[in-house]
Amino acid sequence: NAAPGRPPPQHVRFLPTPGHDGATELVPTMVPVLAEHPLVRGPRFRRLKIGAGHRLDVKASGVFVLGIGHGNKLLTDLYNCHLSKVYTVGGLFGKATDDFSDTGTLVEKTTFDHITREKLERVLAVIQGTNHKALLMHSNIDMKTQEAYELAVRGLIRPMGKSPPIITAVRCLQFAPPEFQLEIHCLHETQKYLRKVVHEIGLELKSSAVCTQVRRTRDGVFTLDDALLRSQWNLQNIRNAIWSCQVKVQAEIERTL
């Protein structure tokens, strides 16, 4: 409502005007419609529908997409594309907690001196291979068909309905025991599921691990470059963000759906 408003509409009114001989004449004149004046009708926007995309819990951070007004329908169409999301997940070897995070109640301490980067990457490769099989199974596509080949070339093999959480790719970004950092590409996940993955990695390495950080760096077509910090929340920045993302959102919806 603080933005410059559009000019009020004009309409024709016959206004009395003194004539040459002293007589009053009615002259057609364009005047603004007072019913549309802000002092008469009040603020133009009284209700603004805002929809939330894939949510983040209180212990996670990163890209969080919102739909405003008509953007809510675009948001629904975009998430019907079942695009993957990317997270940076931090872990800490040697501890186990009740909620798999480093702030939970400590239930166990273990050694981690035997863990190497090669062992960690071997476990990550097994996780990725197992999830790749699940991805193909839930995609409901015959992998021997021409359709499957064309979808694979376009990168569109993904479950187009409900499925369990699926990790499409995972790699180790940093390894400095007891700390490590992973990059995880996934579908239909929750942040709690990602913390549990870190816990299970610790068990596979005959140790234990807790999650120290979950940060979403990409949500479908949206990346950190598209995100606005809290200090940048103003009308002009939000409008610019909507305009800059509109084209790639429409392109992805047309490509996938």
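Residues numbered from 1 in each chain as written. Predicted model: local features only at pLDDT ≥ 70, side-chain atom pairs only at ≥ 80, totals over all residues. Heavy atoms only, no water.

1. Side note on the nonpolar core
Phe93, Leu120, Phe180, Ile184 and Ile201 are the most contacted members of the largest nonpolar core, which has 25 residues in total. Broken down by secondary-structure element, the contributors of at least two residues to this core are β6 (85-93), α3 (117-139), β9 (166-176), β10 (179-187), α5 (191-204) and β11 (209-219). Beyond its immediate chain neighbours, meaning those up to four positions away, Phe93 contacts Phe112, Ile115, Leu120, Phe175, Pro178, Phe180, Gly202, Leu205, Ser208 and Ala209. Membership of the second largest hydrophobic core comes to twelve residues, among which are Val65, Leu78, Leu83 and Cys245. (Core = buried A, V, L, I, M, F, W, Y, C linked by side-chain atoms within 4.5 Å. Buried < 20%, exposed > 50% of the residue type's maximum accessible area, 1.4 Å probe, protein only. Helix = DSSP H or I, 4+ residues; strand = E, 2+ residues; numbered from the N terminus. Contact = heavy atoms within 4.5 Å.)

2. Points about the domain arrangement of the protein chain
It is common to give the size of an interface as the accessible area lost on bringing the parts into contact. Taken as a whole, the protein chain is organised into domain 1 (1-47) and domain 2 (50-255). Centre-to-centre, using C-alpha coordinates, domain 1 lies 55 Å away from domain 2. (Domains from an automatic or database assignment.)

3. Re α3
When the terminal C-alpha atoms of α3 are compared, their 32 Å separation across 23 residues agrees well with the 33 Å that a helix rising 1.5 Å per residue should span. Among the residues of α3, Leu120, Val123, Leu124, Ile127, Asn131, Leu135 and Ser139 are the ones counted as buried. On the buried face of α3, the contacting elements are β6, β9, β10 and α5. Backbone geometry just after α3 places Asn140 at a positive phi near 55°. (Expected span 1.5 Å × (residues − 1).)

4. Focus: unusual backbone geometry
In this model, Pro177 is joined to Pro178 through a cis peptide bond whose omega is 10°. The topology assignment puts Pro178 in the loop between β9 and β10. Positive phi outside glycine occurs at Phe100, with the angle close to 70°. Looking at where Phe100 falls in the secondary structure, it is placed in the loop between β7 (95-97) and β8 (106-109). Owing to a relative accessible area of 17%, Phe100 belongs among the buried residues under this scheme.

5. Focus: a nonpolar patch on the surface
Together, Phe45, Leu48, Ile50, Phe64, Leu66, Ile68, Ile238, Ile242 and Trp243 make up a nonpolar patch on the protein surface, roughly 870 Å² of accessible area in all. Going through the elements one at a time, β5 (66-68) and α6 (235-256) are the ones with two or more residues in the nonpolar patch. At three residues, the largest contribution of residues to the nonpolar patch is made by α6. By secondary structure assignment, the location of Phe45 is in the loop between α1 (38-41) and β3 (50-52). (Patch = residues over 30% accessible without salt bridge, like charges linked within 9 Å, V, L, I, M, F, W, Y side chains within 5 Å. Areas by Shrake-Rupley, 256 points an atom, 1.4 Å probe, with all protein chains shown as cover. Salt bridge = Lys/Arg side-chain N within 4 Å of Asp/Glu carboxyl O.)

6. With respect to the environment of Thr190
Secondary-structure assignment places Thr190 in the loop between β10 and α5. Separated by 136 residues in sequence, Thr190 and His54 place their C-alpha atoms 9.0 Å apart.

7. So, the pattern of salt bridges
Summed over the entire model, instances satisfying the criterion amount to ten salt bridges. Among the salt bridges present, the one from Arg255 reaches Glu252, with a minimum N-O distance of 3.3 Å. Of this pair, Arg255 and Glu252 both sit in helix α6, three residues apart, which is roughly one turn of the helix. On the basis of relative accessible area, Arg255 is assigned to the partly exposed category, the value being 35%. Note on Glu252: relative accessible area 10%, which makes it buried.

8. Details of the side chain of His185
Mapping His185 onto the fold places it in strand β10. Among the polar contacts listed, one links the side chain of His185 to the side chain of Glu183, at a separation of 3.1 Å. Apart from the residues lying within four places of it in its own chain, the contact partners of His185 are Lys85, Val86, Ile166, Ile167, Thr168, Ala169 and Arg218. (Polar contact = N/O pair within 3.5 Å; in protein donor to acceptor, adjacent residues only side chain to side chain.)

9. What about the packing of helix α2 (residues 71-79) against α6?
It is at 9 Å that the axes of α2 and α6 come closest, and there the two elements cross at 45°. Here α6 runs oblique to α2, going by the angle between their axes. Taken as a pair, α2 and α6 cross one another with a handedness that is left-handed. Residues Leu74, Asp77 and Leu78 of α2 form the contact with α6, whose participating residues are Val249, Gln250, Glu252 and Ile253. Among the residues making up the contact of α2 with α6, the classes are represented as four nonpolar, one polar and two charged. (Axes fitted to C-alpha atoms, helices over the stretch in contact; angles between N-to-C directions. Parallel < 35°, antiparallel > 145°, perpendicular 65-115°, else oblique. Left-handed = near helix turned anticlockwise from the far one by under 90°. Nonpolar A, V, L, I, M, F, W, Y, C, P; charged D, E, K, R; others polar.)

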